[in-house]
Amino acid sequence: MTTSTSAPVTTEKATVVAARTKGLRKEYGSTVAVDRVDLELPEGAVLGMLGPNGSGKTTTIRMLLGLVRPTQGEIELLGKPLPDGAEQALPHVGALVEGPGFHPFLSGRENLIRCAAFEPLLEKRNIKQAVEDALERVGLAQAAHRRYRGYSLGMKQRLGLAAALLVPRKLVVLDEPTNGLDPAGTREIRKIIAELHAAGSTVLVSSHLLSEVEATCTHVAVLHRGTVVAQGELTELLQAGGSALQVITPDVEIALSALRSAKISGRPLGDGLRVELAGTSAPQVIETLVKAGVGIYEATRWKTGLEELFARLTEAEEAERGMSAVDTLDGGPR
Amino acid sequence: MITRQFGSEVRWMLRRPRTIIGLFGLVLVPIIISFGIWTAGEGSDGPPGLGAILQGNGMVVPIFTLFLSLNLLLPLVASIWAADGLAGEAQHGTLRGLLVAPVSRVRLLFVKLFGLTAMSLFAVTLMAVVGIIAGTAFLGTNGMMTLSGTTLTTGEGLLRIALFIILVTFQMVSIGAVALAVSATTEHPLVVQAATMTTIIVFQVLGQFSSLDWLHPFLITTGFPGLIDVMRDPIPTGQIWDSTLLAGCYLLIGTGLAAMRLITKDS
Ligand SMILES: Nc1ncnc2c1ncn2[C@@H]1O[C@H](COP(=O)(O)OP(=O)(O)OP(=O)(O)O)[C@@H](O)[C@H]1O
Ligand SMILES: [Mg+2]
């Protein structure tokens, strides 16, 4: 499916998308969980979905999987409109949504066998092998015979991942897959995502670990208060964020006036100032400052990282409103 | 595909600890009844009606057991299965997994109804079989004495028992279907059990008031006593038919409501 089939002439290049939402809105009673979400998930991409707690990531994912009916808006999943096309699209989709869900009295293996029995793409004679492969892949083969009741948080998470990977998928949706995993587990998730990406699968992963997203994702979508505030290729977004120079100096006032006369924008920050490098370069800035007699202890080139971008997109408004930091992520400059 | 899903469902139900405990409890009923009648001894005044012909008539034990259990025990078991089927799966987060597999919501309801039917039939048959064994062991038998005073051959008696198994199972499934409708609305299995059992008990209480005559034809519990006509010779079909028809209405309404709720449910 391409964007151009039904749309009139557009300037956008026609990308093949694995999933797309248009004007998605979900109300729970009087709370609006998600509003005007236009998400585009290009085929083969690894899209990192970011957002503070309660920003609507899980709700969006649930709607994308047909678990929740949107109040408004359209969803297209693997070229099929939801909810009507769910039965054709969903067999190719593996998902781990809001934590793993399994029966405590069954072992990990038995739980997976039960999941496998309901997978349309899995033939009966292949079930056993598929289950063993999935267990192996998430590193649970040793504990597979134990009851799910006794699993640790990370083991439960791994079993959930195994269920999502029972069948080769076109799209894998992982809602906070690293939740509760140890560092090795986090690395394994990264590896699994990379493998899926290499195999041509599309991956949608929501996460609070910005460094993980920066390391694994090709695309990013940032949600805030139920709407998408930024989305696109990771590199493009970061470039658009620009870069800056952090200068540590006691002579902030002198430095600022010198920069102002050189038409370079900067602002006080911490023990010094921060200078935007848009339309100028680091050597030029330092030369300007030195010529003005500013004492420079330290100058650090500061490229916009995902954390900073994220903070800028989601925190500025909160700070203005004096909202508590509980609602936001611990982002900010490194 | 659907047979595989049915199989998986029944296996899953059978593996559940509370199913096993429940079945064990059900099996105790005919054993206790047989033992109780046996210790009461010959010539004692047994309970009236069906109980009166139990002495020396072991083949009646399965019927008597099921007839008694239909009032509370079997609805309870049906409500537990219905509660675990949807509310329990929602509570464990496994319902999400099934729905994104995907299993269509209507299909899922049929899988659940099948599981409920298969397990009900299994439980009722198990009780009957244990009833036959315990009854003949404790009380002995020569054929089956009916409420009409005639005696049926063992073969005919077994046929009557089979018919009764089917009738009781159908009542149980109908109650379970209504419980499934409740189960589709909540994440708490206990709510489903409590609602179902309360309803059954309230219906039985309402059935006691003759001032509420007009209401009685609509209460599923009103149909229970009539099923005992299986033990008459020849079988008068009127009441049995009415009871079954009433249960059928409950089954249809329950399934319909469950489907409506499930299709629009957010999970
Ligand atoms: N079933 C529900 N009933 C009522 N409100 C809900 C429900 N599900 C979600 N919400 C609300 O919708 C908003 C978005 O929730 P959602 O779970 O999508 O957030 P999230 O981005 O996944 O957060 P987190 O990072 O904490 O997982 C929240 O305000 C939440 O309270
Ligand atoms: Mg979430």
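Counting restarts for each chain, with residues numbered from 1 along the sequence as it is written. Working convention: letters from A go to chains and numbers from 1 go to ligands, in the order in which they are written. Note on the predicted model: pLDDT of at least 70 is required for a residue's local features to be given, and 80 or more for side-chain atom pairs to be given and counted; whole-chain, interface and lining totals, by contrast, use all residues. Side-chain figures throughout are based on the complete set of non-hydrogen atoms in the structure, without hydrogens or water.

Section: helix α1 (residues 2-15) of chain B
Here a strand is any run of E in DSSP of at least two residues, a helix any run of H or I of at least four, and the numbering for each starts at the N terminus. A helix is expected to span 1.5 Å for every residue after the first. For α1 of chain B, built from 14 residues, the straight-helix expectation of 20 Å at 1.5 Å per residue is met to within 8% by its first-to-last C-alpha distance of 20 Å. For α1 of chain B, the full list of buried residues reads R4, Q5, F6, S8, E9, V10, W12 and M13 of chain B. Two residues qualify as a contact provided that any one of their heavy atoms is within 4.5 Å of a heavy atom in the partner residue. Buried residues belonging to α1 of chain B abut α3 (108-117) and α4 (127-137) of chain A together with α2 (17-40), α4 (73-92) and α6 (105-139) of chain B. Burial status follows relative accessibility: with a 1.4 Å probe on protein chains alone, a residue under 20% of its type maximum counts as buried, one over 50% as exposed, and anything between as partly exposed.

Notes on the packing of α1 of chain B against α2 of chain B
When two helices pack together, their arrangement is given by the angle between their axes and by how far apart the axes lie. All names here are of chain B. Interaxial angle, 0 to 180 degrees, is taken between N-to-C directions of lines fitted to C-alpha atoms, where a helix line uses only the stretch in contact. Between α1 and α2, whose axes approach to 5 Å, the crossing angle comes to 70 degrees. On the basis of their axis angle, the class for α1 and α2 is roughly perpendicular. Seen from α1, the contacting residues are M13, L14 and R15; seen from α2, they are P17, T19, I20 and L23. Grouping the amino acids of the contact of α1 with α2 by side-chain chemistry returns five nonpolar, one polar and one charged. We call two directions roughly parallel when the angle between them is under 35 degrees, roughly antiparallel when it is over 145, roughly perpendicular when it lies between 65 and 115, and oblique otherwise. Each residue is assigned to one class: nonpolar for Ala, Val, Leu, Ile, Met, Phe, Trp, Tyr, Cys and Pro, charged for Asp, Glu, Lys and Arg, and polar for all the others, Gly among them.

Observations regarding the environment of T221 of chain B
Residues and elements named next belong to chain B. Residue position: T221 is located in the loop between α8 (189-206) and α9 (237-264). Residue class for T221 comes out buried when judged on its relative accessible area of 8%. The spacing of T221 and R16 is 205 residues in sequence and 29 Å in space, taken between C-alpha atoms. Those residues within four positions of T221 in sequence are excluded, and the remaining contacts are I200, F203 and Q204.

Some remarks on the domain arrangement of chain A
Note that the domain bounds reflect an automated or database-derived domain assignment. If you check the domain split of chain A, you get domain 1 (17-231) and domain 2 (243-302). Taking only C-alpha atoms, the centre of domain 1 of chain A and the centre of domain 2 of chain A are 45 Å apart.

Concerning unusual backbone geometry
Of note, the amide linkage connecting L82 of chain A to P83 of chain A takes the cis form, showing an omega dihedral of 0 degrees. Of note, P83 of chain A is situated in the loop between β6 (80-81) and α2 (86-89). The residue after A101 of chain B, namely P102 of chain B, is reached through a cis peptide bond having omega 5 degrees. Relative to the elements of secondary structure, P102 of chain B occurs in the loop between α5 (94-100) and α6. At L78 of chain A, a residue that is not glycine, the phi angle is positive and equals roughly 45 degrees. Within the secondary structure, L78 of chain A is located in the loop between β5 (72-77) and β6. The phi angle at R225 of chain A is positive, at roughly 50 degrees, despite the residue not being glycine.

Here's the deal with α8 of chain B
All names here are of chain B. For α8, with 18 residues, the first-to-last C-alpha span of 26 Å sits near the 26 Å given by 1.5 Å per residue. Within α8, the full set of buried residues consists of P189, V192, Q193, T196, M197, I200 and F203. The buried residues of α8 all sit within an arc of 125 degrees when viewed along its axis, so they share a single face. As for α8, its buried residues are in contact with α2, α4, α7 (154-183) and α9. Directions from the helix axis toward the C-beta atoms define the arc.

A closer look at the interface of chain A and chain B
Contacts between chain A and chain B engage 35 residues on the former and 28 residues on the latter. For the pair chain A and chain B, the two sides together bury roughly 2600 Å², of which 55% comes from carbon and sulfur. For salt bridges, the criterion is a side-chain nitrogen of Lys or Arg within 4 Å of an Asp or Glu carboxyl oxygen. At the junction of chain A with chain B, the criterion picks out four salt bridges. Here R114 of chain A ties to E89 of chain B by a salt bridge, and the two come within 2.6 Å at their closest N and O atoms. In protein, a polar contact means a hydrogen-donor-capable atom and an acceptor-capable atom, both N or O and within 3.5 Å, with residues adjacent in sequence counting only if both atoms are side-chain atoms; elsewhere, any N or O pair within 3.5 Å suffices. Linking chain A to chain B there are 16 residue pairs in polar contact (both at pLDDT 80 or more). Of all the elements in the fold, those that place two or more residues in the side of chain A that touches chain B are β1 (17-28), α2, β7 (93-96) and α3 of chain A. In terms of residues, the side of chain A that touches chain B owes the most to one element, α3 of chain A, which gives four residues. Residues that form the side of chain A that touches chain B fall into these classes: 20 nonpolar, four polar and eleven charged. Computed with a 1.4 Å rolling probe, the buried area is the accessible surface lost when two parts are put together, summed over both parts.

Digging into the site of ligand 1
All names here are of chain A. Around ligand 1, the surrounding shell consists of Y28, A33, P52, N53, G54, S55, G56, K57, T58, T59, E176 and H208. N53 is positioned with one of its side-chain polar atoms (N or O) 2.9 Å from an oxygen atom of ligand 1. At 2.7 Å from an oxygen atom of ligand 1 is found a side-chain nitrogen or oxygen belonging to K57. No other element matches the three residues that helix α1 (residues 57-64) contributes to the shell around ligand 1. Throughout, the term near means that a residue has one or more heavy atoms lying within 4 Å of the molecule or strand in question.

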